[in-house]
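# Fold and geometry: a report
These are the residues of each chain, in order.
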Amino acid sequence: MKMLRNFLDRMHPKFKNGTKLEKYYPLFEMADTFMFTPDDVTKSGPHVRDAVDLKRAMIVVVLALLPTFFFGLFNIGYQEDATRTILQNFMVGLKITLPILIVAYGVGGFWEVVFAIVRKHEINEGFLVTGFLIPLIVPPTIPLWMVAVATSFGVVIGKEIFGGTGFNIFNPALVARAFLFFAYPGAISGDSVWTVVDGVSKATPLAVAASGVNTSAIDLLVRSNFSWLDMFYGFIPGSIGETSTLAILIGAVILLVTRIASWRIITGVMIGMVGIALLTNLLAAASSNPMLALTPHYHLVMGGFAFGMVFMATDPVSAAQSNAGRWIYGIMIGGLAVMIRSVNPAFPEGMMLAILLGNAFSPMIDYMVLRRHIKRRQQRHA
Amino acid sequence: MGDFCIKKGHDLKLIGKPEKSMGDAPVSEVLNISPADFKGIVPKLLVKEGDIVKTGTPLFRSKFYPDMVYGSPGSGTVSQIRIGERRKLQDISIQLSSADESLPLQAYTAAQIGKLSAGDIKSHMLKTGLWFMVRQRPFSKVANPDSAPKSIFISAMGTAPFSPDAEFVLEKNSGGFQTGLSILKKLTSGSVNLVMGKGTKLPALTNAKDVTIHRFSGPHPAGNVGIHIHHIDPIKNKDDIVWYVDPQDVAAIGDLFNTGNFPKYKVITVGGSGVTNRHYLKIRRGALVKDILKSNQVADDVRIISGDVLSGVKTKPDRAIGYYHNMLSVIPEGRKRYFLGWIMPGLKRYSLSGSFLSGLMGKQETEMTTAVNGSLRAIIPFGQVESVLPMDIMPTFLLKSILARDIEEMEKLGIYECDPEDFSLCAFSDVSKMEITEIIREGLEFMEAEG
C-alpha cells in the first residue's frame, strides 16, 4: 500500500500544469482519489468537514442496487428453466448480464472521460450509478450494440450537453431507456423479449393485465397464474433488475437510512399511486378497461413502478430540489404512472414516462415553490 | 419574550471539549491588535513605533468616523507596526511595561447613568474605544453610531463546538452586566433582547432588567445571534438595522461606566484534540496565541483556530486571538490519505449522512481533522444542507442567486438575514464540498458594494 502511494506521488508531477500529460490530469485524479482519499485540507472555515463525499454517496447507491442486481441474475435463469438449481440459474444470468454491464460502463465511462478532458474538470462519480442502472432496466435479450448506442445517447444527450452531472434535466439512465423504447420498440417491449430462450414468448404481468375487455386486470393475472406474492418476490418476466419488489425495498431501506434518497419523494410517489389507483378502481365498474380494476398493491409490484420510485425518481439532480417541491414531484409521478398504465393502452409501462414527465416539470415545480416562499417571506416582513 | 425550540441543526461531538475550570491566567509581555478584526473600518494610525502608550490611549481611529477610536488594551511601548500590501495596516504590537498605567476615564454613579442620554453614551463609548464592541446586522460590521437600530441582541448562549458557557463566564463577572444592559437600552427605541438557553439559571441573566428575555433550545446553530434575530426580529432590508453585543462585552461596557476601568481581560476557552489542557482561561485582551498556549502541549502539524472549528479563522502563534472571538480551538491538520476510503466501512468517520457504519452506532466523540474528505463537485441537492439551517431560507436557491449575482433575487431570498457563520454547518455537511460560507460572504460583500 505504501508502495502504491509512493508510486502515485511520483506520478503526480507528470500530470501537473504545463507538462505533456496535463490534459489527462482528470484520469490521474480519478485513479489517485479512487485508491486514496484526497489530502486536501480546508482553506477557510468551516475547518472540519463531513466525511461523506460524492464518491461515497454514489457507492451507497450502487450498494443499494446490489440486491436487485443479484436477484435479477437469478431470475433470468429461472425464467428460462425453473427446474435448475439456484446457482445454475445465477450463472446463466451472469453470462447474459455481465456483457451488458461491461458495455454500459465501458461506453459511458468513455464519454465521461472524453468530456472531462475536453472540459478540464474531474471525472464525476455520477456515472457509477448511471452505468449500473442501465443494465437493470433493459430486457435480458437486448443486443449489446443497442446498449452501447442507448448509453451513449443517455450520457451525451441526457447529461453532458447540459453541462454534466448536476446540470442535467433528465435522469440519464431513463433517457437511455426512453431512447430504446422509441427507437427500437421491438427490442424492449412485446412478449418475446423477456426470456432468453429463442421462440418462447412470455408476457409480463403488466401486458397480461391490459389484455382483455370487460374483465378485471386481477382476473386476467389469476388466469395467467401470476400471484401477488410471486410478483412481490420477483419470479416474473421483466427487465433484468426490476422484477423483485422485495429486493428493491431492501435497496430503499439502505437509501433511506443513509439519507441519500429523499423520503419525501418516495412517500409522495406512493401517495400519488395509491390515490389515483383507488380512483380508477371506483371507475372500473363503468368501463370495459381491465386496468382500471388494478388495486394499489398490484400496481406496486408490477412493472417498473417500485424500481422507478426507489432508484429513478429519487435522483437528486433531476428531481425537484425544494422540500415542498419533492412532495409535489413525487405525488405527480405516482399518479401519472397509474394514469398512463390504465388509460393509455399504447404504454403498458407508465413509470418511465411518468418519471420523465416529472423530471421535465421539476424546474417549474421548484419555481412555484420558490415564488410561494418569497411571497410568504414578504408577508411575514410586511 | 418567547421560547424557541430549534429543530434543524447539529451538535458536533468532537474530542477536546474544554473542562469547566479556570486554568492559570497566562502572563503576557506583548499584546497584538489587528484592525482587520473590525469589518467596515478603515483604520488611520494615531501612534508610531516607539511611542509610549497607556491603557486606553487611542491607537487608531476610523477613517470615515473620526470620533471612533480604538484604545490600547495595555500600557507600554508600541514595539512594532506592520504594514501590508497597499499600505494596509496589519497589526500593532505593544510591549507591556511592568507598571500598568491607565488613562483616567470618568466613572458614573448609578443616578448619573440613569440620566445619561443616548448621545452621551455614544460619545463616551466612541472616545474610550468601546464602541467597537457594538456590531450590526446586516453585514456583521462595526455599528454605525448614527444609525437607529430597531433592536439590540445579546446572545448569552453558545452552541458552537467548545463554546464557553455563558453562565460560567458571567458568574465571576456579572457586576457590570446589568449596568451594560441598561446603557444599551438607551441606544434603541426598540427592545434589548437577551437570549439564553432553556436551562439557564444564573440570576444575573434570568433576573436581568431593561431587557426582553427569550429562551432558545436545540442543536447548533441555535445559539447564533443570526438565528435569534431571524426568529425574534428579522431583518427585512438593507436599512433594517439590528445591533448586537457579546455578553462579556456588555459587562465590560457596564464596568467602564461604573468604575472608569478600561477592560483589559476576557475569558476564553481552549479546546480541541491538538492540545492537552482544555480549559477556561482569563486572558489579556490582545494576548498572543503562543502565550495562551504556553502551559499546553501542542501536537505537531495542528491548525490553530481563533474562534470555533466551524466559523473561526486560522491564526498563528505570534498573533492575537480575534477581537470578537472567545475560543481557541486546536485540531490536527488532515493530510492523511485513507486507502479506498470510499468503500471502507468507516467506523471512525464522522458524517451527518448515514453512509458510514459509524452512523449506525450513534454519534460518539470523534477526533476531526481539517481534511476536506473529498473534492469539489457540482451541486447535487441531497437535502443535507437544508436539514441544518434553522431559518426560513432556501439555501440552495439563495446560493444559486448569489453565484449568478442576481441582486433582486438575493434580496427576495433573504440575503440580509444571512451571515457566513449561520451557514457553516451547511458547508460542513455539503456532499459536493462547496465553500458555502465563502459564497454567502461573497454575496454579502457584493450586496454591500452594489445594493
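Rules used throughout
- Residues numbered from 1 in each chain as written.
- Chains lettered and ligands numbered in written order.
- Predicted model: local features only at pLDDT ≥ 70, side-chain atom pairs only at ≥ 80, totals over all residues.
- Helix = DSSP H or I, 4+ residues; strand = E, 2+ residues; numbered from the N terminus.
- Rg over C-alpha atoms; globule rule 2.2 N^0.38 Å.
- Buried ≥ 20, exposed ≤ 12 C-beta atoms within 10 Å, placed from the backbone.
- Contact = placed C-beta atoms within 7 Å.
- Nonpolar A, V, L, I, M, F, W, Y, C, P; charged D, E, K, R; others polar.
- Domains from an automatic or database assignment.
- Pairing = 2+ DSSP bridges.
- Expected span 1.5 Å × (residues − 1).
- pLDDT = per-residue confidence, 0-100.
- Core = buried A, V, L, I, M, F, W, Y, C linked by C-beta atoms within 7 Å.
- Axes fitted to C-alpha atoms, helices over the stretch in contact; angles between N-to-C directions.

When you go through chain B residue by residue, the secondary structure sums to 12 helices and 19 strands. In terms of overall dimensions, chain B is globule-like: its C-alpha atoms have a radius of gyration of 22 Å, near the 22 Å expected for 451 residues. Along the three orthogonal principal directions, the C-alpha set of chain B runs to about 65 × 50 × 45 Å. Evaluated residue by residue, chain B yields a buried proportion of 51% over its 451 residues. A separation threshold of at least 6 residues defines the contact pool for chain B, and within that pool the share at least 24 residues apart is 70%.

Turning next to the interface of chain A and chain B. Contact with chain A, which involves 48 residues of that partner, is made by 60 residues of chain B. Only helix 2 (25–35), helix 3 (54–80) and helix 17 (351–381) of chain A provide two or more residues apiece to the side of chain A that touches chain B. For the side of chain A that touches chain B, the leading source of residues is helix 3 of chain A, giving six residues. Here the side of chain A that touches chain B is built from residues that sort into 20 nonpolar, 17 polar and 11 charged.

It is worth spelling out the domain arrangement of chain B at this point. Splitting chain B by domain gives domain 1 (1–22 + 111–334), domain 2 (30–96), domain 3 (339–368) and domain 4 (372–450). For domain 2 of chain B and domain 4 of chain B, the distance between their C-alpha centroids amounts to 34 Å.

Further remarks concern the pairing of strand 19 (residues 327–332) of chain B. Residues and elements named next belong to chain B. Counting buried positions along strand 19 gives six out of six residues, so the element sits mostly inside the fold. Of the two faces of strand 19, both are covered, the one formed by Met 327, Ser 329 and Ile 331 as well as the one formed by Leu 328, Val 330 and Pro 332. With three bridges joining them, strand 15 (residues 265–271) and strand 19 adopt parallel strand pairing. Looking across to strand 19, one finds that Val 270 is bridged to Leu 328. As defined by bridge partners, strand 17 (residues 302–306) adjoins strand 19 across five bridges and the pair is classed as antiparallel. Paired with Ile 305 across the strands is Ser 329, a residue of strand 19.

As a further point, take helix 13 (residues 263–283) of chain A. Think of an α-helix as 3.6 residues a turn; residues three or four steps apart then line up on the same face. Residue and element names in this part refer to chain A. With 21 residues, helix 13 should cover 30 Å at 1.5 Å per step; its first-to-last C-alpha distance of 31 Å lies within 8% of that length. Those residues of helix 13 that sit buried are Arg 264, Ile 265, Ile 266, Gly 268, Val 269, Gly 272, Met 273, Ile 276, Ala 277 and Thr 280. On the buried face of helix 13, the contacting elements are helix 12 (245–257), helix 14 (296–301), helix 15 (305–312) and helix 16 (323–343).

To continue, consider the sheet that holds strand 18 (residues 313–314) of chain B. All names here are of chain B. Strand order in the open sheet made by the five strands is 16-15-19-17-18, with mixed pairing throughout. Only two strands of the sheet have a single neighbouring strand rather than two, namely strand 16 (279–284) and strand 18. Bridging between strand 17 and strand 18 involves two bridges; their strand directions are antiparallel. Bridging from a neighbouring strand, Ile 305 pairs with Lys 314 of strand 18.

Residues and elements named next belong to chain B. Considering every residue of chain B, the mean pLDDT works out to 90; 99% of them sit at 70 or more. The lowest-confidence element of chain B is strand 1 (residues 2–5), averaging 88 in pLDDT; the highest-confidence one is strand 14 (residues 242–244), averaging 96. Scored as a whole, the predicted complex attains pTM 0.90, and scored at its interfaces, ipTM 0.89.

Turning our attention to the nonpolar core. Among the nonpolar cores identified, the biggest contains 225 residues, and Val 310 of chain A together with Leu 194 of chain B are the most heavily contacted of them. In terms of residues, this core owes the most to one element, helix 3 of chain A, which gives 12 residues. Those residues in contact with Val 310 of chain A that sit more than four places away from it in its chain are Ile 248, Gly 251, Ala 252, Leu 255, Ala 261 and Ile 266 of chain A.

Either a parallel or an antiparallel arrangement is found when strands of a sheet pair, and the pairing is made through backbone hydrogen bonds. Residues and elements named next belong to chain B. Pairing in this open sheet of seven strands is mixed, and the strands run 1-13-12-11-14-9-10 from one edge to the other. Looking along the sheet, the strands with just one partner apiece sit at the ends: strand 1 and strand 10 (141–142). Summarising the sheet, strand 11 (residues 151–156) and strand 14 pair through three bridges and their orientation is parallel. Across the sheet, residue Ser 151 finds its bridge partner in strand 14, namely Val 242. Against the sheet, helix 6 (residues 225–232) engages strand 1, strand 9 (135–137), strand 11, strand 12 (192–197), strand 13 (212–217) and strand 14, with an angle of about 130° to strand 11.

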